[in-house]
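Take a look at the letters that make up each chain.
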Amino acid sequence: MGRERELGAVEQAVQSLREGRSGVLLLAGEPGIGKTRLLRELVVRARAADVLTLYGRATEYERDRTFGLFVDALDDHVAAVGTSGLPLPREADRELTRILPSWGSGEETHPSRLREERHRGHWALRALLRALSEARPVLLALDDMHWADPASAEMLSYLLRHPVREQLLLAMAFRQEEVPPPLATELATAVRDGSARRLDIAPLSEQEADGLFRPGLHPGARRRIYQDSGGNPFYLLELARASSESSGAAAVLAHRPEVEAAAHADPVPRRYARPSPAN
Ligand SMILES: Nc1ncnc2c1ncn2[C@@H]1O[C@H](COP(=O)(O)OP(=O)(O)OP(=O)(O)O)[C@@H](O)[C@H]1O
Ligand SMILES: [Mg+2]
């Protein structure tokens, strides 16, 4: 997989969280460069370190789900462990009933109402994150953050301006060019003032890419695929597959089941798995 610098930063972030420090880690880069992959590595390491790991992913088609990204990250956890015993102000408790389907009442709040009152939602969600991270270190890992619905994007700005001081690591992966402007500005400020660390995921080096090819593959073929891909792992894998299909020759890529397994690992712990709302 390569990526020593990035994995080093990921390990450092987990270590710092285990020592009780909060932080913000930004994984930025072009499509296919390996952001999700790295975020998963972070999730795996955090889980191994006994960190409570909350994983959410925004999607292009769900931007009208108010607080959708946060619901995705938090609702399964709430459903699994319940809410009793969390030290929360009564007002926060009431707000969360409107935001998280598993919080209690089961009543749906009309989205337009939720939109109008979302600043109260920001406060309540922050209170929940605080309460969770008072008890144990928490990783909130958010993928494809550039597609966050407006309420979640505002929530992220709010969290950057009012960081949770307890042991919370907020990690976000995103395509820089697609982050909505107000949040992009907030992220840039956080990086400038040192409250967030930003990793710009670079193309794989030729040496890193070499590890992905089948040993014995002709150096000329490796070089051509690497150069055509520009070191972008997504393109590299696609080009390599296309090349073995078109030549009918033996596979171009190394067969490494453990690498494949890591790439497709479900970042949501099994015990939280539940049918999707569409079912
Ligand atoms: N360092 C790596 N070594 C091997 N394979 C990798 C590496 N990084 C990424 N990949 C693979 O490349 C493909 C694209 O990676 P990934 O999905 O992480 O990109 P991304 O930056 O999240 O893209 P997008 O912006 O579309 O979400 C995946 O199949 C992933 O498993
Ligand atoms: Mg991705």
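Everything below is about the structure printed above this text.
Residues numbered from 1 in each chain as written. Chains lettered and ligands numbered in written order. Predicted model: local features only at pLDDT ≥ 70, side-chain atom pairs only at ≥ 80, totals over all residues. Heavy atoms only, no water.

Moving on, we get to the overall build of the protein. Counting its secondary structure elements, the protein contains 12 helices and 5 strands. The contacts of the protein with a sequence gap of at least 6 include a subset with a gap of at least 24, amounting to 79%. Summed over all atoms, the accessible surface of the protein reaches about 14,200 Å², with 50% contributed by carbon and sulfur. (Helix = DSSP H or I, 4+ residues; strand = E, 2+ residues; numbered from the N terminus. Contact = heavy atoms within 4.5 Å. Areas by Shrake-Rupley, 256 points an atom, 1.4 Å probe, with all protein chains shown as cover.)

Close to ligand 1 lie 18 residues; Met 1, Gly 32, Lys 35, Thr 36 and Arg 175 are nearest. Contact between ligand 1 and Gly 34: an oxygen atom at 2.9 Å from a main-chain N or O atom of the residue. The separation between an oxygen atom of ligand 1 and a polar main-chain atom of Arg 37 is 2.9 Å. Expressed as a share of its isolated accessible area of 630 Å², the protein-covered part of ligand 1 is 83%. When residues of the shell around ligand 1 are traced back to their parent elements, those giving at least two are helix H2 (35–48) and helix H11 (233–247). When its residues are assigned to classes, the shell around ligand 1 shows 9 nonpolar, 3 polar and 6 charged. If you count residues domain by domain, the shell around ligand 1 takes at least three from each of domain 1 (4–203) and domain 2 (206–261). (Near = heavy atom within 4 Å. Polar contact = N/O pair within 3.5 Å; in protein donor to acceptor, adjacent residues only side chain to side chain. Nonpolar A, V, L, I, M, F, W, Y, C, P; charged D, E, K, R; others polar. Domains from an automatic or database assignment.)

This next bit is on empty space enclosed by the protein. The full count for this structure, using the stated rule, is 2 cavities of 30 Å³ or more. Top contributing element to the lining of the second largest cavity by residue count: helix H3 (residues 68–81), with 3 residues. (1 Å grid on protein atoms, 1.4 Å probe; cavity = no way out; pocket = protein on both sides within 12 Å on 5 of 7 lines; lining within 4 Å. Points joined across faces, edges and corners; volume = space filled by probe spheres on them.)

On their own, these measurements won't tell you what the molecule is for.
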